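Here are the chains, one letter per residue:
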Amino acid sequence: AVPEVLRSVQVVFATCAGAATLHREIRKNTDAGKSLVFDVVVIDEAAQALEVACWIPMLLGKKAILAGDHQQLSACVKSTEAQKKGL
């Protein structure tokens, strides 16, 4: 049912982790020749997301847009060295 619903709508909202559920349902319920690919994937607050989490939805789209306002939320920096150098 999930792939049929996704094929009938123009916009789908999901968290980066939630896109994993979409990916699993699409692969489980479609033939290899009928895979579902989105035209554009938009990841909001991209600076807050870890790179590995962003790959989940990005694998479902032809293009990706990473959006965020650095004045609103600062970047999520996991590297101590990068933090020391001002990132």
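None of these values were measured; they are calculated from a predicted model.

What counts and what doesn't
- Residues numbered from 1 in each chain as written.
- Predicted model: local features only at pLDDT ≥ 70, side-chain atom pairs only at ≥ 80, totals over all residues.
- Heavy atoms only, no water.
- Helix = DSSP H or I, 4+ residues; strand = E, 2+ residues; numbered from the N terminus.
- Rg over C-alpha atoms; globule rule 2.2 N^0.38 Å.
- Buried < 20%, exposed > 50% of the residue type's maximum accessible area, 1.4 Å probe, protein only.
- Areas by Shrake-Rupley, 256 points an atom, 1.4 Å probe, with all protein chains shown as cover.
- Lys, Arg positive; Asp, Glu negative; His and termini not counted.
- Charge placed at Lys NZ, Arg CZ, Asp CG, Glu CD.
- Patch = residues over 30% accessible without salt bridge, like charges linked within 9 Å, V, L, I, M, F, W, Y side chains within 5 Å.
- Salt bridge = Lys/Arg side-chain N within 4 Å of Asp/Glu carboxyl O.

Across its full length, the protein holds 4 helices and 2 strands. When the elements of the protein are put in sequence order from the N terminus, they spell out α-α-β-α-β-α. Rg of the C-alpha trace for the protein: 16 Å, well past the compact-globule value of 12 Å for 87 residues, more than 25% over. Judged by the C-alpha coordinates and their principal axes, the protein covers about 50 × 20 × 20 Å. For the protein, buried positions account for 22% of its 87 residues. Entry remark: accessible area of the protein is about 6,700 Å², with carbon and sulfur atoms responsible for 56%. Looking at charge distribution, the protein has the averaged site of its 10 positive side-chain charges lying 6 Å from that of its 9 negative ones.

Further remarks concern a nonpolar patch on the surface. A cluster of nonpolar side chains, V5, V9 and V12, forms an exposed patch at the surface whose accessible area comes to about 210 Å². Counting through the fold element by element, V12 comes out in the loop between α1 (2–8) and α2 (18–29). Relative accessible area serves as the criterion here: at 33%, V12 is assigned to the partly exposed category.

A word on the pattern of salt bridges. For the structure shown, the criterion picks out 2 salt bridges. For D39, the salt bridge identified is with K62, shortest N-O distance 3.4 Å. With a gap of 23 residues between them, D39 in strand β1 (residues 38–43) and K62 in strand β2 (residues 61–66) connect regions that are remote in the sequence. Take D39 and K62: they sit in the same class, and that class is exposed.

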